[in-house]
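If you want the building blocks of each chain, they are given just below.
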Amino acid sequence: MTDALDRHGLGRRLSAATDASVAEVLEARGSGPLHRPHRGHRLGITGPPGVGKSTLIGALANERLADGRRIGIVAVDPTSPRSGGSILGDRIRIDAAADHERLYVRSVPSRLAGDGLTDNLPDLVAALEREPFDEIWVETVGVGQAAYGVRRCVDTLIVLVQPGSGDTVQAMKAGILEVGDVYVVTRADRPGAEQTAAELDATLALTATGDWRPPVLLTAAPTGAGIAELSTAIEAHRHHLDESGGIERLGPDQARYDVERLLQRRVRELIAHSDPTGVQTLDSMYRGVVERLSAELSATQNPTNQNPDDKESPS
Amino acid sequence: MSDTNTPVLARKRILVAKPGLDGHDVGAKVIALALRDAGADVIYTGLRRSPDYIARVAVDEGVDAVGLSILSGSHVQLVADTREALAAAGAGDIVVFVGGTIPAEDHPALTELGAAAIFTSEDPLDDVVARVAAELGADS
């Protein structure tokens, strides 16, 4: 890479950030503002396991690297709940299509994050954004409510859908119709792909709100079909964000996500470290929380009990 | 760490790689799973990777160790090339393990080249995990 990406230093910094506790995260961040406008373009890729996220990312990276871009990717794979370890295999498929020195792939385990991302994703993304990348991509685990978490971390979200993966009611239940900026039906060569795309498109035509109408595309990564169109759609969405002030709109929610996650993790750390044998401490912690909640609730329901001078009646 | 439930390889990142031309990775996958079950985050490269590629992935992924699985017989050359590629990338400190069909008479040469440990199919998985943990300075 021409203006010297320090791969070794970045590799070490990302490893440290992946494992950092909440205290370490805050220490490393220093006293800067919580939310800084970010350079480059953040792209999320989500969809159910086996839909072809890594394969599509490889093909798409190949397409966009050809334009001279530098791309940094964070690929999340699941942590084993039993051992806390993980097998991180996304890069096999990504590299098969796009083994390139302007591409940087970092595999990370989901750790305790239940939203398809990883514990310190905002810090991993920030570390990558301090390097000369034009785009940062995030690939989710792709289970549960993965689409909601990543929605709040990226500028453009690509949602992948299997052909013949049930009717659009399934997609409605999973909530994916609310979050995507671009929809891709993968394995376009399989039966049912065009029908899935048509149904999705018809539903989005009726449900999409706001000033961006998400397109529905068909891709077949092995042949490269639809990849150039996907790349064009990403550019179109990026221009839309630039024109409409969308990045500024997304910023506060990205910051809010960051704060929520840090607080949730801090609570988990406190519980995990309360007492190795547990029961006594957890029990008193639980009682304390319940008592405080009850007190707050009764105060809300009957404010005169708390403050006899307050004449306003509860609504 | 006082927590006795912490797995021995917790927070360790290990690259399991297949250099060279042999096309069998059952052994590599078994090792990858054993390391994961000991708490490690294991990155697997897939088959037939060049030493340069392996070194680049090891650096990009910020790993603590690389495990090379070699069944092709060209282990001496591949270990030498991988160590050289790691050093060239400024990552000579990454620990290298070797596993596969490695005749005993080649062990000294591999140790000389900087292999931290050499494993064969004779070694019980628990021993492999314990040795890796010891080499990485993990609590056990």
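Just above sits the structure.
Residues numbered from 1 in each chain as written. Chains lettered and ligands numbered in written order. Predicted model: local features only at pLDDT ≥ 70, side-chain atom pairs only at ≥ 80, totals over all residues. Heavy atoms only, no water.

## Some points on the nonpolar core
All names here are of chain A.
Thinking step 1. Grouped together as the largest cluster of nonpolar side chains are 36 residues, with contacts concentrated most on Leu128 and Leu200.
Thinking step 2. Of the residues forming this core, the biggest block, 5 residues, is contributed by helix α5 (residues 121-129).
Thinking step 3. Membership of the second largest hydrophobic core comes to 27 residues, among which are Leu56, Trp137, Ile158 and Leu217. (Core = buried A, V, L, I, M, F, W, Y, C linked by side-chain atoms within 4.5 Å. Buried < 20%, exposed > 50% of the residue type's maximum accessible area, 1.4 Å probe, protein only. Helix = DSSP H or I, 4+ residues; strand = E, 2+ residues; numbered from the N terminus.)

## Concerning the environment of Asp6(A)
Residue and element names in this part refer to chain A.
Thinking step 1. On the secondary structure map, aspartate 6 appears in the segment before α1 (7-19).
Thinking step 2. C-alpha of aspartate 6 to C-alpha of glutamate 131: the two residues are 125 residues apart in sequence and 8.5 Å apart in space.
Thinking step 3. If we skip the residues at most four places from it in the chain, aspartate 6 touches Arg13 and Glu131. (Contact = heavy atoms within 4.5 Å.)

## Some points on the pairing of strand β7 (residues 182-185) of chain A
All names here are of chain A.
Thinking step 1. On β7, burial covers both faces: Val182 and Val184 on one face and Tyr183 and Val185 on the other are all buried.
Thinking step 2. Sheet topology places strand β6 (residues 156-161) next to β7; 4 bridges connect them, and they run parallel. Across the sheet, isoleucine 158 pairs through a bridge with valine 182, a residue of β7.
Thinking step 3. Across 3 bridges, the pairing between β7 and strand β8 (residues 216-218) is parallel. Residue pairing across strands places tyrosine 183 opposite valine 216, the latter belonging to β8.
Thinking step 4. One crossover worth recording links β7 to the parallel β8 by way of helix α8 (residues 193-207), and it is right-handed. (Pairing = 2+ DSSP bridges. Right-handed = clockwise from strand over helix to strand, strands pointing away.)

## Comments concerning helix α4 (residues 90-97) of chain A
All names here are of chain A.
Thinking step 1. Three or more residues of α4 are buried, namely Asp90, Arg91, Ile94 and Asp95. Within α4, the buried residues cover an arc of 110° as seen down the axis, which keeps them to one side. In α4, the exposed residues that point more than 90 degrees away from the buried face are Arg93 and Ala96. (Arc of directions from axis to C-beta.)

Read these as spatial facts, not as claims about activity.
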